[in-house]
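# An overview of the molecular structure
Now for the letters of each chain:
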Amino acid sequence: MPKIKVPAVLSGGSGSSSVDVDGDTVGELFENHADEHGPELRDSVIEDGEIKEFINVYVDGSEATGLDTPVEPGSQVRVIPAASGGLR
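Presented here is a report on the structure given in the accompanying data block. (Residues numbered from 1 in each chain as written. Predicted model: local features only at pLDDT ≥ 70, side-chain atom pairs only at ≥ 80, totals over all residues. Heavy atoms only, no water.)

### A look at the overall build of the protein chain
Note the cut-off: Numbering of helices and strands runs from the N terminus; a helix is a DSSP stretch of H or I covering at least four residues, while a strand is a stretch of E covering at least two. Buried, partly exposed and exposed residues are distinguished by accessible area as a fraction of the type maximum, computed with a 1.4 Å probe on protein chains only: under 20%, between the cut-offs, and over 50%, respectively. Should any heavy atoms of two residues lie within 4.5 Å, those residues are counted as being in contact. For the accessible areas, the method is Shrake-Rupley and the probe is 1.4 Å, while residue cover comes only from the protein chains on display.
Along the backbone of the protein chain there are 2 helices and 7 strands. Along its sequence from the N terminus, the protein chain presents helices and strands in the succession β-β-α-α-β-β-β-β-β. Counting over 88 residues, the protein chain shows a buried share of 36%. Taking as baseline every contact in the protein chain between residues at least 6 positions apart, the subset at least 24 positions apart corresponds to 44%. Taken as a whole, the protein chain presents about 5500 Å² of accessible surface, with 46% of it coming from carbon and sulfur.

So this is what it looks like as structure tokens:
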């Protein structure tokens, strides 16, 4: 079963977590996660049927090209919010 690794900033303050979720695509993983655990993660990652602009999703170390990106049963899916800021 694929595993979604969620950083603390998107896990509702409970620290980073890993969750096993069924699905054959990135989109299915987030929909199935929402069905089991609530819509917060899905709504943080997906907007208007696409991965949000400042969220990066990686499947086994490669950036997902969209919600139809395939995942294998043992895939590791990482959600990484983009960091901003820098020197002035």
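### Description of the nonpolar core
So the rule is basically this: Among buried residues, those of type Ala, Val, Leu, Ile, Met, Phe, Trp, Tyr and Cys that are joined through side-chain atoms within 4.5 Å constitute a nonpolar core.
Ranked by internal contacts, the top residues of the largest apolar core, which has 18 residues, are Ile4, Val26, Phe30, Val45, Val57 and Val77. Apart from the residues lying within four places of it in its own chain, the contact partners of Val45 are Phe30, Glu50, Ile51, Lys52, Ile55, Val57 and Val79.

### Points about the pairing of strand E7 (residues 76-81)
The line we're drawing: Two strands form a pair only when DSSP identifies at least two bridges running between them.
Pairing of strand E1 (residues 3-6) with E7, which is carried by 3 bridges, proceeds in the parallel orientation. Counted as the bridge partner of Lys3 is Gln76 from E7. For strand E5 (residues 55-59) and E7, the ladder comprises 5 bridges, and the chain directions are antiparallel. Pairing of Tyr58 across the sheet is with Arg78, part of E7.

### Digging into the side chain of Ser75
Condition: By the criterion applied in these results, polar contacts are pairs of N or O atoms within 3.5 Å in which, for protein atoms, one can donate a hydrogen and the other can accept it, and in which residues neighboring in sequence qualify only through two side-chain atoms.
Mapped onto the secondary structure, Ser75 falls in the loop between strand E6 (62-63) and E7. At a separation of 3.0 Å, a polar atom in the side chain of Ser75 contacts the side chain of Asp60.

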